[in-house]
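Residues per chain, in single letters:
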Amino acid sequence: MGRSRLALVLAILISLHGTHVRSDASDHRYKEGDAVPLYANKVGPFHNPSETYRYFDLPFCVTGKEREKTEALGEVLNGDRLVSAPYELNFKTEKDSKVVCTRKLTKEQVAQFREAVKKDYYFQMYYDDLPIWGFIGTVDKEGKTDPSEYKYFLYKHIQFDILYNKDRVIEISARIDPHSVVDLTEDKDVDVEFMYTAKWKETDTPFEKRMDKYSQSSSLPHHLEIHWFSIINSCVTVLLLTGFLATILMRVLKNDFMKYAQDEEAADDQEETGWKYIHGDVFRFPKHKSLFAAALGSGTQLFTLTIFIFMLALVGVFYPYNRGALFTALVVIYALTSGIAGYIATSFYIQLEGVNWVRNLLLTGCLFCGPLFLMFCFLNTVAIAYSATAALPFGTILVIVLIWTLVTSPLLVLGGIAGKNSKAEFQAPVRTTKYPREIPPLPWYRSTLPQMAMAGFLPFSAIYIELYYIFASVWGHRIYTIYSILFIVFIILLIVTAFITVALTYFQLAAEDHEWWWRSFLCGGSTGLFIYGYCLYYYYARSDMSGFMQTSFFFGYMACICYGFFLMLGSVGFRASLLFVRHIYRSIKCE
C-alpha cells in the first residue's frame, strides 16, 4: 500500500513537472476568426515585484464571462492567478476602438485607481502564452514641485499590435493611447468608457523563434561584455589563488616533509611548522557531531539540487515566461534528493562514532526545511494580510505538505537507513591520542570570525558582478537567460571556496590549532553571509523596492537562500579541507 501511494505521488509530481503552461488550443494553430486565449494575470507596483494582486482587484470592466484558469503548482508558487480577460482578440480579426464597457467609477474606486497610478501599477496578461505588459495610468508632474499639485490619469484605450505567421501568433505588444485618459485627480464620480483596438500584421518569423526576443535582451553585446569581464575577473582571481596555494603546497609543504623525514633532532623547530606536532589531535572528532553531520548532509543535498537545476537550465527548460517551471523543478528535485541528505548525514555520523542516528536524521530533515517553513508561514501571513497573489491557497499548501510527507520524508529515512548500514569507518591516516593537546594562545585574527571574513571575501568578489544580474531578474523585471555563463561562475565559486578554505586550514594547523572541522565548514559557508550583506546594498542602492510586504519578502526569502548557500559551500569547504588534511598526514611518518 505504501509503495503504491509513493508511486502515485511520484507520477503526479512528474506530470506537474512536465506540464508547461499551455493555452486552450494546445497546438497554437488557429483559423481566421478563431478565439485565441487571452488571460489577465496580475497587477502591482512596478518596483515591488513580489507585491502583486489579482487583475480584477482593481475595478476594471467585468463582463460576467470571466473564468479562472487551472494552474500548475509552479504557477501558483510564482504568484500567477490567470483569469480570462474582457478583451476579445480573435485570430486575424481587426477591431478599431471597440468599447468593452462603460462604467461609472465611484469616489472609492477613483481613489483606488489613483493610488494604483501613484504607485506605478502595471498589468500583465498572456495571449496565446505570450506575455503582455502595460502601465494602467500616468502621473503628470511637469512643471510641478509640490506633490499635491500632481495630476493622475487612467488609461482607457489599449491598442494590441499582433504579428502572425500563417496560422500562428508570433508576437503581441500593447500600446497605450496617451490622449485617451481619464482624470482621477479629484475625489468625485467619473464615467469611463474602456476601449481597445486590435491590429494584425503578417511576419516571416517562424513560430519556433517567437520567444527569442525575450531571451535576446540579456544577450545584447554590452551585457555580454560585462558578463565576460566578470568571468575574466573571476578567472584571474582563481589563477592568483591557485598560484598562491601551489606555492604553499610545493614549497612550504615540501620543506615540511623534508624536515619531518629527518631525525627527531633536526625537526625540533615548532615555531615554523607545527602541524606535525598535533597529529594525535587533528582527527579528533568535532563537538556537536550530530549537528555537523546534519549540516554536511543538507549541504550536499543542496549542492546536488543546484547541479540538477543547472542541467535543466542548460538544456533549455527555463526559457523566458515558462511560468512556474523553476519553482516546480525546485520542489520536485528537492523532494527527490532528500535521500542523499539522509545517506550522507547518517553515514558520516556513524563514522564519527555517533549512536543516536534517528535523532541525527530528524535534525537533517529539519535543518534547512525548518527555518524555510517558519519563514514561509510568516511571509504567507503577510501576503494574506495584503490580499496579494503571493499568498498560497490552502490546496497548494496541502500539496506541498503531501509531497513532504509522502516523498521527502520516506526518501530521507531510506537514505538514513542505507547510511547506517553502510558500515563505513572514518579513514584517519594517524592515530588519535587519548587526551587533547592544549591549543596555544593565538592572535585575534586567527579566531573564527576574522577567518570567516577572509574566507568569504574572495569567493564573493568572484561572483558579485553576476549577482547584480541575478538579483535584477529575481527581484525585478530583467530577463536572465545566459545560464552557461552563470554555470561557469558557479564552478569558479566552488574552486575558489575550496582553495581558500584549504589555505586557511593549513595556516590553522601550522599554528597548532587542531579544531579545524567546524572552522573549515564555517569558512567555506561564509560567502553566504557576504551575499546577504550584498542584499542590503542592493535593496538600498540599486532598487526602488518599498513597503513592508516587499521588504519582508526580499529579506526573508534571501535569508533562506543565503542560508542554503552557507550549508552548500560549507560542505564544499569541509570536503576540500578533509582531502587536504588526509593527504598531508598520510605523507609523513608519525609515531
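Right above here is the structure, for reference.
Residues numbered from 1 in each chain as written. Predicted model: local features only at pLDDT ≥ 70, side-chain atom pairs only at ≥ 80, totals over all residues. Heavy atoms only, no water.

A closer look at helix H14 (residues 517–525)
Given 3.6 residues to a turn, an α-helix orients residues that are three or four positions apart in the same direction. The cut-off we apply is this: For every residue, the accessible area (1.4 Å probe, protein chains only) is compared with the maximum for its type, and the residue is labelled buried under 20%, exposed over 50%, or partly exposed between those bounds. Secondary structure elements are taken from DSSP: a helix is a run of H or I of four residues or more, a strand is a run of E of two residues or more, and numbering for both begins at the N terminus. We call two residues in contact whenever any of their non-hydrogen atoms come within 4.5 Å of each other.
In terms of burial, H14 is a largely internal element, seven of the nine residues being buried. Within H14 the residues assigned to the buried category are Trp517, Arg519, Ser520, Phe521, Cys523, Gly524 and Gly525. Summarising the contacts, the buried residues of H14 are in contact with helix H6 (289–314), helix H8 (338–351), helix H12 (448–474), helix H13 (483–510), helix H15 (527–542) and helix H16 (548–586).

A closer look at the state of the cysteines
In a disulfide, the sulfur atoms of two cysteines are held together by a covalent bond. Our working definition: Put simply, a disulfide is two cysteine sulfurs that come within 2.5 Å.
Per the stated rule, a full pass over the model turns up one disulfide. Each disulfide pairs two cysteine sulfurs, and for Cys61 the partner residue is Cys101, the sulfurs being separated by 1.8 Å. Disulfide Cys61-Cys101: torsion about the S-S bond near -80 degrees, hence left-handed. Taken together, the positions of Cys61 in the loop between strand E2 (53–54) and helix H2 (73–77) and Cys101 in strand E4 (residues 95–105) put the pair 40 residues apart, joining distant regions of the chain. Given the relative accessible area of 3%, Cys61 is considered buried. A relative accessible area of 17% means that Cys101 is categorised as buried.

Some points on unusual backbone geometry
The phi torsion at Lys92 lies on the positive side, around 60 degrees, for a residue other than glycine. A positive phi angle, near 55 degrees, is found at Asp128, a position not held by glycine. As for its placement among the helices and strands, Asp128 is situated in the loop between strand E5 (121–127) and strand E6 (130–135).

Structural notes on the environment of Gln508
Summarising the element assignment, Gln508 is placed in helix H13. With relative accessibility at 5%, the residue Gln508 sits in the buried group. Considered as a pair, Gln508 and Gln451 are 57 residues apart in the sequence and their alpha carbons are 9.6 Å apart. Residues in contact with Gln508, not counting those within four places in the same chain, are Arg446, Asp513, Glu515, Trp516 and Arg519.

Details of the packing of aromatic side chains
Spelled out, the test is: Only Phe, Tyr and Trp rings take part, Trp by its six-membered ring, and two of them pair if their centres are within 6.5 Å. Stacked means planes under 30 degrees apart, edge-to-face means over 60, and tilted covers everything else. Ring-over charges, as used throughout, are those where CZ of Arg or NZ of Lys falls within 6 Å of the ring centre and within 35 degrees of the ring normal.
Scanning all chains against the criterion turns up 59 aromatic pairs. Arranged with centres 6.1 Å apart and planes meeting at 55 degrees, the rings of Phe283 and Phe426 form a pair that is tilted. Note that Phe283 is positioned in the loop between helix H5 (221–261) and H6 and Phe426 in the loop between helix H11 (394–421) and H12, a separation of 143 residues in sequence. This pair shows no difference in class: Phe283 is buried, exactly as Phe426 is. Positioned above the aromatic ring of Phe207, the side-chain terminus of Arg168 is 4.0 Å from the ring centre.

What to know about the pairing of strand E8 (residues 151–155)
Two faces belong to every sheet, and in a regular strand the side chains alternate between them. Condition: Pairing between strands is defined by DSSP: at least two bridges between them are needed.
With respect to burial, E8 is a largely interior element, four of its five residues being buried. With three bridges joining them, E8 and strand E11 (residues 181–183) adopt antiparallel strand pairing. When the sheet's bridge partners are listed, Leu154 is paired in E11 with Val182.

What about the pairing of E6?
Pairing geometry for E5 and E6, over six bridges, is antiparallel. Looking across to E6, one finds that Phe123 is bridged to Gly134. Between E5 and E6, which pair antiparallel in sequence order, lie two residues; one of them, Asp128, sits at a positive phi of approximately 55 degrees.

What about a nonpolar patch on the surface?
Going by this rule: Patch definition: residues with relative accessible area over 30% and no salt bridge; like charges joined within 9 Å; nonpolar side chains (Val, Leu, Ile, Met, Phe, Trp, Tyr) joined within 5 Å. Note on areas: these come from Shrake-Rupley sampling with a 1.4 Å probe, and a residue is covered only by the protein chains present in the view. Just to be clear on terms, a salt bridge is a Lys or Arg side-chain nitrogen sitting within 4 Å of an Asp or Glu carboxyl oxygen.
Residues Trp228, Ile232, Val236, Leu240 and Ile488 make up a contiguous nonpolar surface patch of about 490 Å² in total accessible area. Element by element, the count of residues in the nonpolar patch is highest for H5, at four residues. With respect to the helices, strands and loops of the structure, Leu240 is situated in helix H5. Assessed through its relative accessible area of 61%, Leu240 is described here as exposed.

Focus on the nonpolar core
The condition that has to hold: By nonpolar core we mean a set of buried residues, namely Ala, Val, Leu, Ile, Met, Phe, Trp, Tyr and Cys, connected to one another through side-chain atoms within 4.5 Å.
Core analysis: the biggest nonpolar cluster contains 96 residues, and Phe318, Phe348, Phe471, Leu509, Phe554, Phe574 and Tyr585 have the highest contact counts within it. Top contributing element to this core by residue count: H13, with 17 residues. Of all hydrophobic cores here, the second largest spans 57 residues; its members include Leu105, Ile132, Val182 and Phe194.

Let's talk about the sheet that holds E4
The line we're drawing: Helix axes are fitted to C-alpha atoms over the stretch in contact, other axes to C-alpha atoms as well, and angles between N-to-C directions run from 0 to 180 degrees.
Spatially, E4-E12-E9-E10 is the arrangement adopted by the four strands of the open sheet, whose pairing is mixed. A strand with exactly one partner marks an edge of an open sheet, and here the two such strands are E4 and strand E10 (168–176). Each adjacent strand pair in this sheet contributes to an overall mean axis angle of 20 degrees, direction not counted. Relative to E10, strand E9 (residues 157–165) is paired through eight bridges, and the arrangement is antiparallel. Note on E10: the bridge partner recorded for Tyr164 is Val169. Sheet contacts for helix H3 (residues 107–118): E4 and strand E12 (190–202); angle to E4, the most-contacted strand, approximately 125 degrees.

So, the pattern of salt bridges
A complete count under the given rule lists 14 salt bridges for this structure. Where Arg210 meets Asp128, a salt bridge forms, and the shortest distance between an N and an O atom there is 3.0 Å. Taken together, the residues span a long stretch of sequence, with Arg210 in the loop between E12 and helix H4 (212–216) and Asp128 in the loop between E5 and E6 at a distance of 82 residues. One exposure class covers both Arg210 and Asp128, and it is buried. Between Asp161 and Arg175 there is a salt bridge, with the nearest N and O atoms lying 2.6 Å from each other. Remark: Arg175 occurs in strand E10 and Asp161 occurs in strand E9; sequence separation between them is 14 residues.

A short note on the sheet that holds strand E7 (residues 137–140)
The strand order across the open sheet formed by three strands is E7-E8-E11, and the pairing between neighbours is antiparallel. The sheet terminates laterally at E7 and E11, the two strands that pair on one side only. For this sheet, the mean inter-axis angle between neighbouring strands, taken without regard to orientation, is 30 degrees. In this sheet, E8 lies alongside E7 in antiparallel orientation, the contact comprising four bridges.

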